[in-house]
Amino acid sequence: MNERIRVMFSEQEVDKRIAEIGAQISEDFKGELIVAVGILRGGVYFCSELTKRITVPVILDFIEASSYGDSTQSSGQVRITKDLIEDIAGKNVIVMEDIIDTGRTLCLLLDNLRKRNPKSLKLCTLLDKPDRRIVDVPVDYNGFQIPDQFVVGYGMDYAQRYRNLPYIGVVEFE
């Protein structure tokens, strides 16, 4: 099966929106330090671009989590496969994700991070797919709300390909 990629948001549109989110975070945390927690793997591109546009001091860290293991169904328990290096107790934490769809793994991950006693815990996503939501997660900073389509680029992949596209595209199968 062949696929083609149709542009949903151009590189310029994504760049503009990330700059706007960076400005909002900078304003909201004026005079404060934040810990930006990128979610591996897909969140790396968004997190890197966003943190470059934040003007308050930023500590950058990454976490990788799974609730699926070798299954296609969520186990309901999050397993941290790569944990934070930073101690987040008493710090402002912003979790930076590429896309939120069902919300299952993210909800469990946020619960895990809350138990570490951060001063504040916010969620920032480049893309939000509310039509796929099964578990409600509070999104504090949202790049774009999108319909239930399979998207790639800016860290999101199809069979580990297309992560490096500088735009967001929809996968269309031929």
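Coordinates for the structure precede this section.
Residues numbered from 1 in each chain as written. Predicted model: local features only at pLDDT ≥ 70, side-chain atom pairs only at ≥ 80, totals over all residues. Heavy atoms only, no water.

Caption draft 1: The pairing of strand β6 (residues 120-128), seen in detail. Of all nine residues in β6, seven are buried; the element is thus mostly enclosed. Of the strand pairs in this sheet, strand β5 (residues 92-100) and β6 are connected by eight bridges, and their pairing is parallel. Its bridge partner being in β6, N92 is matched across the sheet by S120. The parallel pair β5 and β6 is bridged by helix α3 (residues 104-114), and the resulting crossover is right-handed. Bridge analysis of β6 against strand β7 (residues 141-145) gives four bridges, and the strand direction is parallel. Among the inter-strand pairings, T125 is bridged to a residue of β7, identified as N142. (Buried < 20%, exposed > 50% of the residue type's maximum accessible area, 1.4 Å probe, protein only. Helix = DSSP H or I, 4+ residues; strand = E, 2+ residues; numbered from the N terminus. Pairing = 2+ DSSP bridges. Right-handed = clockwise from strand over helix to strand, strands pointing away.)

Caption draft 2: Summary view of the sheet that holds strand β8 (residues 151-152). Spatial ordering of the open sheet is given by β1-β9-β8, a layout of three strands whose pairing is antiparallel. Single-partner strands in this sheet number two, and they are β1 (3-9) and β8. Relative to strand β9 (residues 168-173), β1 runs antiparallel, the two being bridged by six bridges. Bridge pairing links V7 to G169 in β9.

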